[in-house]
Amino acid sequence: MTQRTPDVSVLMPSYNYARYLPSAIEGVISQSYQDLELIIIDDCSSDGSREIAAEWSRLDDRVVTVFHDKNRGLSASRNSGLAASLGKYIALCDADDIWSAEKLGSQVECLRNHPEVGAIHSDSLIIDAEGTLTGRRFSSLYHERDQKCFGVLFKELCLRNFICNSTVVLRRECLKYTEGFDERLRSLEDWICWARVARKYPFYYIGDPLTRYRVHDTSLSMNESAMARNRVTAIRLMLDEFNDIPRRVRSRMLYSMAMSYWSLGDSRNALKELIESVEVDPLQCRSWVRCLQILLARPSDDIPIGDSKARKQ
């Protein structure tokens, strides 16, 4: 029997999201654009998520399941799904988000009409844990004023992640170029992936909300300390990997890393990054101000002056 090759492979990692998983699956399966496969990667859940995924696989031959025998994190889950996928386009959908029915069709059409574009994303409506609309959009929470969302986005993505993960569809070649998702990160793996994609491929943006993005207490993004630690790791990886980052952008990245350290109560490393930030760009006023704040708050014999050159430029 010849194996069916779908146009789009949808990757849906899931860990203990039995409460939300059925709605996420239904949002994908009920798309008006039907040439797809849905790959559900269960990351060793203990709440019945595995059974839900298995039942959907029995009901619909477009649903493929991948089961981890131990918890490996989002990056590894996405990579497991990618390895099992067949589509020429890869779409991402988190197990607590919901797609609108026309989402995939409109994005695939855009990618076909714009062969130069590597990835496409959109805005999203914010819902709460119960699925109720909050009246806000993803862009209102995570986009800066006059946020650039399309075209060459490398510099913008070095500074911050403003792309809603569950809205993204990209060509398989993009993830081949990035070698999938970086498993050194337990979260924010999408951020560094988009930055890597943006080094080679332009992005397209649809301003209409094509998904519903759920914000709830168990979201990884709600764990501020874990997010700060992963933000430090992601920025460090980008600084070491991308040698052509403009000085002003590099300085702002160092400032952001410093603020993550500060939020973790690590003023020593915060000061270290701030010093390097002003060494890279002496006009980075925010870094000077924060340096002074830390210097005034700390004993003078505990200040790490002089070791900021350790990182490879």
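Residues numbered from 1 in each chain as written. Predicted model: local features only at pLDDT ≥ 70, side-chain atom pairs only at ≥ 80, totals over all residues. Heavy atoms only, no water.

Colleague: Could you give me a rundown of the overall build of the protein, with the residues and numbers involved?
Modeller: The secondary structure content of the protein amounts to 12 helices and nine strands. Its C-alpha atoms give the protein a radius of gyration of 21 Å, near enough to 20 Å, the size a compact globule of 313 residues would have. Seen through its principal axes, the protein has C-alpha atoms that stretch 70 × 40 × 40 Å. A buried classification covers 53% of the 313 residues belonging to the protein. (Helix = DSSP H or I, 4+ residues; strand = E, 2+ residues; numbered from the N terminus. Rg over C-alpha atoms; globule rule 2.2 N^0.38 Å. Buried < 20%, exposed > 50% of the residue type's maximum accessible area, 1.4 Å probe, protein only.)

Colleague: Outline the packing of helix α10 (residues 247-263) against helix α11 (residues 267-280), listing residues and values.
Modeller: Put simply, α10 and α11 touch, their axes get as near as 8 Å, and they point 170° apart. Here α10 is positioned roughly antiparallel relative to α11, judged by the angle of their axes. As α10 runs across α11, the sense of the crossing is left-handed. Residues R247, R250, S251, L254, Y255, M257, A258, M259, Y261 and W262 of α10 touch α11, and the partners they reach there are N269, A270, E273, L274, E276, S277, E279 and V280. Looking at the contact of α10 with α11 residue by residue, the class counts come to 10 nonpolar, three polar and five charged. (Axes fitted to C-alpha atoms, helices over the stretch in contact; angles between N-to-C directions. Parallel < 35°, antiparallel > 145°, perpendicular 65-115°, else oblique. Left-handed = near helix turned anticlockwise from the far one by under 90°. Contact = heavy atoms within 4.5 Å. Nonpolar A, V, L, I, M, F, W, Y, C, P; charged D, E, K, R; others polar.)

Colleague: Provide a residue-level description of α10, including the pertinent values.
Modeller: In this model α10 runs 24 Å from its N-terminal to its C-terminal C-alpha over 17 residues, within 8% of the 24 Å that 1.5 Å per residue would give. Burial analysis of α10 places 12 of its 17 residues in the buried class, the great majority of the element. When α10 is considered as a whole, its buried residues turn out to be V249, R250, S251, M253, L254, Y255, S256, M257, A258, M259, S260 and Y261. Buried residues belonging to α10 abut α6 (154-159), α9 (224-241), α11 and α12 (285-297). (Expected span 1.5 Å × (residues − 1).)

Colleague: Account for the side chain of R214, with residues named and values stated.
Modeller: The topology assignment puts R214 in strand β9 (residues 203-214). It turns out R214 is buried and unbridged, and the closest side chain with the opposite charge, D96, is 5.4 Å from it. One polar contact links the side chain of R214 to the main-chain carbonyl oxygen of D96, over a distance of 2.7 Å. Here D128 takes part through its backbone oxygen, which lies 3.4 Å from a polar atom of the side chain of R214. (Lys, Arg positive; Asp, Glu negative; His and termini not counted. Salt bridge = Lys/Arg side-chain N within 4 Å of Asp/Glu carboxyl O. Polar contact = N/O pair within 3.5 Å; in protein donor to acceptor, adjacent residues only side chain to side chain.)

Colleague: Please provide a residue-by-residue account of the pattern of salt bridges, values included.
Modeller: Counting across every chain of the model gives 16 salt bridges. D182 serves as the salt-bridge partner of R184, at 2.8 Å between the closest nitrogen and oxygen. When its relative accessible area of 8% is taken as the criterion, D182 is described as buried. Between E273 and K272 there is a salt bridge whose closest N-O contact spans 3.7 Å. For the pair shown, E273 and K272 are each scored as buried. Beyond isolated ion pairs, a larger network of salt bridges with shared partners links D182, R184, R196 and E241.

Colleague: Go over the pairing of β9 with me, naming the residues and quoting the values.
Modeller: Pairing of strand β5 (residues 98-99) with β9 involves two bridges; the strand directions are antiparallel. Looking at the pairing, I98 lines up with R212 of β9. Relative to β9, strand β6 (residues 119-127) is paired through nine bridges, and the arrangement is parallel. When the bridges of β9 are listed, L125 appears paired with R212. (Pairing = 2+ DSSP bridges.)

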